[in-house]
Protein chains: 2
Amino acid sequence: MTQATIGSSEFDRDTRVRLRTDGVFDADLPEGWSVGAGLNGGYLLALLGRALGEALERPDPFTITAHYLSGTTPGPAVIRTDVAARRHSTATGSARLLQPDADGNEVERVRVLGTCGDLSALPADVHTTAKPPEIPPWEHCVGAEHSPHDAERMPPIVHRLRLRLDPATLGWAIGEPSGKGEMRAWFALPDGRDHDPLSLLLAVDGLPSVAFELGIDAWVPTVELTAHVRARPAPGPVRVALTTRNVAGGYLEEDAEVWDSEDRLVAQSRQLAKIKPKPSHFRSQ
Amino acid sequence: MTQATIGSSEFDRDTRVRLRTDGVFDADLPEGWSVGAGLNGGYLLALLGRALGEALERPDPFTITAHYLSGTTPGPAVIRTDVAARRHSTATGSARLLQPDADGNEVERVRVLGTCGDLSALPADVHTTAKPPEIPPWEHCVGAEHSPHDAERMPPIVHRLRLRLDPATLGWAIGEPSGKGEMRAWFALPDGRDHDPLSLLLAVDGLPSVAFELGIDAWVPTVELTAHVRARPAPGPVRVALTTRNVAGGYLEEDAEVWDSEDRLVAQSRQLAKIKPKPSHFRSQ
């Protein structure tokens, strides 16, 4: 496989939006990003981040929030944007992802609110007090290619991401969750495309849920996810560390930090997810 | 002063909204919540949270995100809401706070996106791994009433909140910031009203910025703030702990946790704030 570049990769092709008229974009959502009943939330966030950035004429999502309303399916979709404010260096607006129902009526799938700007125009000062996660080197972490399960039967999204999970946070996969609210992984794209601010939106929702390592065998659909992209990432895979501090009342909060190859904290996110018991025939016990 | 109750307090009066027509509310914003050039962001979040909850017919903000667009001033305002989705137990929508300019045109001040529901209907399970902040008892913490400065010259909002700061995070006030990205305080309302989900939205943006303890003598206006309210708080003052992990590129992230008198983590928030140098005549050095 030829190494893909930013702009020419599978991820770029699959998040492409076409301007229909002022503030309205068309998109064709491919099947490859399916997970469970719908398309992956990070993929949809990247798609909407791209459309919002184009509508606001600012390249990078500084902070973007998505509320997931109903399951998005492969096929045609329309994105309707609305500008709230334009300032000297940043702009703010909303975007709605809609799909036609059987009668052709538009049903809203996701709504986002975000502020976009140009990360490369920011000053270079860094006073981050956080430290990168401790995670073994890529070659000592575990990918889908090491799984005993049949790759053909895995959700399609497994083939769109190149994930290498820290063995220390992989107990859930063999029925022995650590009981700690932590998940860590290396995250790359399979065609070798380097990361940019948009693919970081994919990274913050691309790992298995941190709930699994707490022994919660349930569906954990995202209600809301907010991501801050703080810098353009250096080339190479990023490290993603998930934690949760608050599992209560049938919901959990999940925080993600994304670190680039130069040890820069390039993105942070927090999501609120609902804990939905699986039907009994889906349980792993 | 008679002890105020939820529904009859200054905070309830000042966040009241009047339904004008379907989805549109009027409000009169009092002067008392001013801080610097505009009204406090937490106060505005509570105001918009109330309007959004009424529009969605769901009492409590589960997760709400605000983007602050331009300075809100005391006086008349209109709130325009838009429902995205109604589900069995929760609903999602947007709200925009607008004020007339000199020509009578509506200028957008704040835009929010949120999902509301009924916290009292959630199951009682709590698996929070976080621990409450270590903070001295109320009587050993420091309030505005202990300040050597003239109370008449403090920003009006000081008199709307009853804050008691942890002396360990108060070095900035005497020109000796700790250098740690931490701020802690007890938080109550001056008329004795207990907290509810809406006043928690005030609490997450009611402390001095965590930037001050890092020695950053600047204005730090909020670009975006997202709050999760996870439970109805027990009576009594709450404890608020602020931290930051990422000060870089002229922005900082600030996280807040709010703990009630029964040691329940009742709210979490994260904001992205811009670091704006003060004009030289404002500097404390």
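Each chain carries its own residue numbering, running from 1 in the direction its sequence is written. By the order in which they are written, chains take letters starting at A while ligands take numbers starting at 1. Side-chain atom pairs in this predicted model are given and counted only at pLDDT of 80 or more, local residue features only at pLDDT of at least 70, and totals for whole chains, interfaces and linings cover all residues. The side-chain quantities take in all heavy atoms of the structure and omit both hydrogens and water.

An unreviewed UniProt entry lists chain A under the name Thioesterase family protein, with Streptomyces tardus as the source organism.

Caption draft 1: How the structure looks around the overall build of chain A. A count of helices and strands for chain A gives 3 helices and 17 strands. Here the radius of gyration uses the C-alpha set of atoms, whereas the globule reference equals 2.2 Å times the residue count to the power 0.38. Its C-alpha atoms give chain A a radius of gyration of 18 Å, near enough to 19 Å, the size a compact globule of 285 residues would have. For chain A, the proportion of its 285 residues judged to be buried stands at 58%. Within chain A, residue pairs in contact and separated by at least 24 positions form 70% of the contacts whose partners lie at least 6 positions apart. Only the protein chains shown count as cover for residues, and all accessible areas are computed by the Shrake-Rupley method using a 1.4 Å probe. Accessible surface, chain A: about 12,100 Å² in total, of which carbon and sulfur atoms supply 51%. His is not counted, nor are the chain ends; Lys and Arg add positive charge and Asp and Glu add negative charge. Where a charge lies is defined by one atom per residue type, namely NZ (Lys), CZ (Arg), CG (Asp) and CD (Glu). When the 30 basic and 39 acidic side-chain charges of chain A are each reduced to a single mean position, those positions are 3 Å apart. What counts as a helix is a DSSP run of H or I of at least four residues, what counts as a strand is a run of E of at least two, and both are numbered from the N terminus. Accessibility here uses a 1.4 Å probe with only protein chains present; expressed as a share of the type maximum, an area under 20% marks a residue as buried, one over 50% as exposed, and anything in between as partly exposed. Should any heavy atoms of two residues lie within 4.5 Å, those residues are counted as being in contact.

Caption draft 2: How the structure looks around the relation of the copies chain B and chain A. Alignment of copies: least-squares fit on C-alpha atoms of residues with pLDDT of at least 70 in both copies. Once chain B is rotated about the relating axis by 180° and shifted along it by 0.0 Å, it coincides with chain A to within an RMSD of 0.0 Å. Here the copies are linked by what is in effect a two-fold axis. Most of the interface of chain B is mirrored in chain A: 100% of its interface residues are interface residues there too.

Caption draft 3: Expanded view of helix H2 (residues 41–56) of chain B. Residue and element names in this part refer to chain B. By definition here, a helix of n residues has an expected span of 1.5 Å times n minus one. In this model, H2 (16 residues) spans 22 Å end to end at C-alpha, consistent with the 22 Å of a helix rising 1.5 Å per residue. Within H2, 15 of the 16 residues are buried, leaving the element largely enclosed by the surrounding structure. Polar contacts here mean pairs of N or O atoms no more than 3.5 Å apart (in protein, one a potential hydrogen donor and the other a potential acceptor; neighbouring residues in sequence count only if both atoms are side-chain atoms). At the N-terminal boundary of H2, the capping side chain belongs to Asn40, with an oxygen 2.9 Å from the backbone nitrogen of Gly42. With its phi angle positive at about 55°, Glu57 sits one or two positions after the end of H2.

Caption draft 4: Looking closely at the packing of aromatic side chains. Aromatic rings from Phe, Tyr and Trp, with only the six-membered ring used for Trp, were paired whenever their centres fell within 6.5 Å, and each pair was classed as stacked if the ring planes differed by under 30 degrees, edge-to-face if by over 60, and tilted otherwise. Evaluation of the coordinates by the stated rule reveals 8 aromatic pairs over all chains. Taking 4.9 Å as the distance between ring centres and 5° as the angle between the ring planes, the aromatic pair formed by Trp33(B) and Tyr43(B) counts as stacked. Separated by 10 residues along the polypeptide, Trp33(B) in the loop between strand E2 (24–29) and strand E3 (34–35) and Tyr43(B) in helix H2 bring together distant segments of the chain. By relative accessible area, Trp33(B) is classed as buried at 0%. Seen in terms of ring centroids, Trp172(B) and Phe212(B) are 5.3 Å apart; in terms of plane orientation they differ by 45°. Their pairing is tilted. Residue Trp172(B) is found in the loop between strand E9 (162–165) and strand E10 (182–188), and its partner Phe212(B) is found in the loop between helix H3 (197–203) and strand E11 (218–219); the two are separated by 40 residues along the sequence. Trp172(B) gets classed as partly exposed once you look at its relative accessible area, which sits at 27%. Put simply, the rings of Phe11(A), Trp33(A) and Tyr43(A) pair up and form one aromatic cluster.

Caption draft 5: Molecular detail of the pairing of strand E16 (residues 265–274) of chain B. All names here are of chain B. With 9 of 10 residues buried, E16 is to be regarded as a mostly interior element. A pair of strands is considered paired only if DSSP assigns at least 2 bridges between the two. Sheet topology note: the strand E12 (residues 222–229)/E16 ladder contains 7 bridges and is antiparallel. Each bridged residue has a counterpart across the sheet, and for Leu225 the counterpart in E16 is Gln271. The pairing of strand E15 (residues 251–259) with E16 spans 9 bridges and is antiparallel. Counted as the bridge partner of Leu252 is Ala273 from E16.

Caption draft 6: Up close: unusual backbone geometry. All names here are of chain A. Positive phi outside glycine occurs at Glu57, with the angle close to 55°. Summarising the element assignment, Glu57 is placed in the loop between helix H2 (41–56) and strand E5 (60–68). A positive phi angle, close to 60°, is found at Asp263, a residue other than glycine. One can find Asp263 in the loop between strand E15 (251–259) and strand E16 (265–274).

Caption draft 7: Representation of the UniProt feature "domain: Acyl-CoA thioesterase-like C-terminal" (unreviewed entry) in chain A in the model. UniProt positions are given in the numbering used here, feature names are shortened, and annotations may be inferred rather than shown by experiment. Within this numbering scheme, the UniProt entry marks residues 147–273 of chain A as carrying the feature "domain: Acyl-CoA thioesterase-like C-terminal" (unreviewed entry). Between the end C-alpha atoms of residues 147–273 of chain A there is a gap of 27 Å, over a span that is 6% helix and 37% strand.

Caption draft 8: Molecular detail of the pattern of salt bridges. Residue and element names in this part refer to chain A. Salt bridge, as applied in this entry: a Lys or Arg side-chain nitrogen positioned within 4 Å of an Asp or Glu carboxyl oxygen. Throughout the structure, instances matching the rule amount to 42 salt bridges over all chains. With a shortest N-O distance of 3.3 Å, Asp14 and Arg13 are connected by a salt bridge. Given the relative accessible area of 6%, Asp14 is considered buried. Arg270 is the partner of Asp255 in a salt bridge, and the nearest nitrogen-oxygen pair spans 2.8 Å. One end of the pair, Asp255, is in strand E15; the other, Arg270, is in strand E16, with 15 residues separating them in the sequence. Each of the two residues, Asp255 as well as Arg270, counts as buried. Put simply, Asp12, Arg50, Arg193 and Asp196 are held in one network by salt bridges that share partners.

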